[in-house]
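# Examining the three-dimensional arrangement
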Amino acid sequence: MRRTKRYPVEGSNSLWQLYKTVSFFKVARNFVVLQTARYTPFFSVKNWMYRKLLGMKVGEKTAFALMVMPDTLYPEMIKVGRNTIIGYNSTILAHEYLVEEYRLGEVVIGDNVMIGANSTVLPGVVIGDGAVISAATLVHRDVPAGAFAGGNPMQIIKMPE
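A few points on the structure. On a predicted model such as this, the values are computed, not experimentally measured, just so you know.

### Digging into helix 2 (residues 24–39)
- Taking 1.5 Å per residue as the helical rise, helix 2 with its 16 residues ought to reach 22 Å, and the 23 Å between its terminal C-alpha atoms agrees with that figure.
- For helix 2, every residue scored as buried is listed here: V27, N30, V33, L34, A37 and R38. Seen along its axis, helix 2 keeps its buried residues to an arc of 135 degrees; they face one direction. Pointing more than 90 degrees away from the buried face of helix 2 are the exposed residues F25, V32 and Y39.
- Structurally, helix 2 contributes buried residues whose contacts are with helix 1 (18–21), helix 3 (43–54) and strand 4 (69–70).
- The N-cap residue of helix 2 is S23: its side-chain oxygen and the backbone nitrogen of F25 are 3.1 Å apart.

### Observations regarding the packing of aromatic side chains
- All chains considered together, the criterion is met by 5 aromatic pairs.
- Relative to F25, the ring of F24 lies with its centre 5.4 Å away and its plane at 80 degrees, an arrangement referred to as edge-to-face.
- Residue classification places F24 among the partly exposed residues on the basis of a relative accessible area of 44%.
- Taken together, a centroid distance of 4.8 Å and an interplanar angle of 70 degrees make the contact between Y50 and F64 edge-to-face. Taken together, the residues span a long stretch of sequence, with Y50 in helix 3 and F64 in strand 3 (residues 63–64) at a distance of 14 residues. Across this residue pair, the class does not change: Y50 and F64 are buried.

Rules of the game
Residues numbered from 1 in each chain as written. Predicted model: local features only at pLDDT ≥ 70, side-chain atom pairs only at ≥ 80, totals over all residues. Heavy atoms only, no water. Helix = DSSP H or I, 4+ residues; strand = E, 2+ residues; numbered from the N terminus. Expected span 1.5 Å × (residues − 1). Buried < 20%, exposed > 50% of the residue type's maximum accessible area, 1.4 Å probe, protein only. Arc of directions from axis to C-beta. Contact = heavy atoms within 4.5 Å. Polar contact = N/O pair within 3.5 Å; in protein donor to acceptor, adjacent residues only side chain to side chain. Phe/Tyr/Trp six-rings, centres within 6.5 Å; stacked < 30°, edge-to-face > 60°.

As structure tokens, then:
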């Protein structure tokens, strides 16, 4: 199971109750910052925005490709190591809003990781140093350091020798 903390809700589904769990103004600010960063072609500017405006921990020389979407509600729960590539149009989530509960979980992506385009990383996942994630992968569990993983659902394809 992923490392998430569960928060039960009563009445309507948890997404309908979104602004009871996170400030509207925080979400609005994060949305503007993220939409700007998604189209920013300068990695150093993008990383500065993530670090200073959203509270993400982003290592040196890490590259978020065009259209990458970090979590809008809880970006401060995302940590990405040094010299890592997050591929085009990938999504990194630190929250899940479900019918009867919502869950929050820190996402930790190590150093020298490569995440292929159109991948989704779910909350509570740790991706080890040097791991490679193929394009269009749903990362629903931890990936060991140096492993090659891919698919939906994700499978470990090759472990380091």
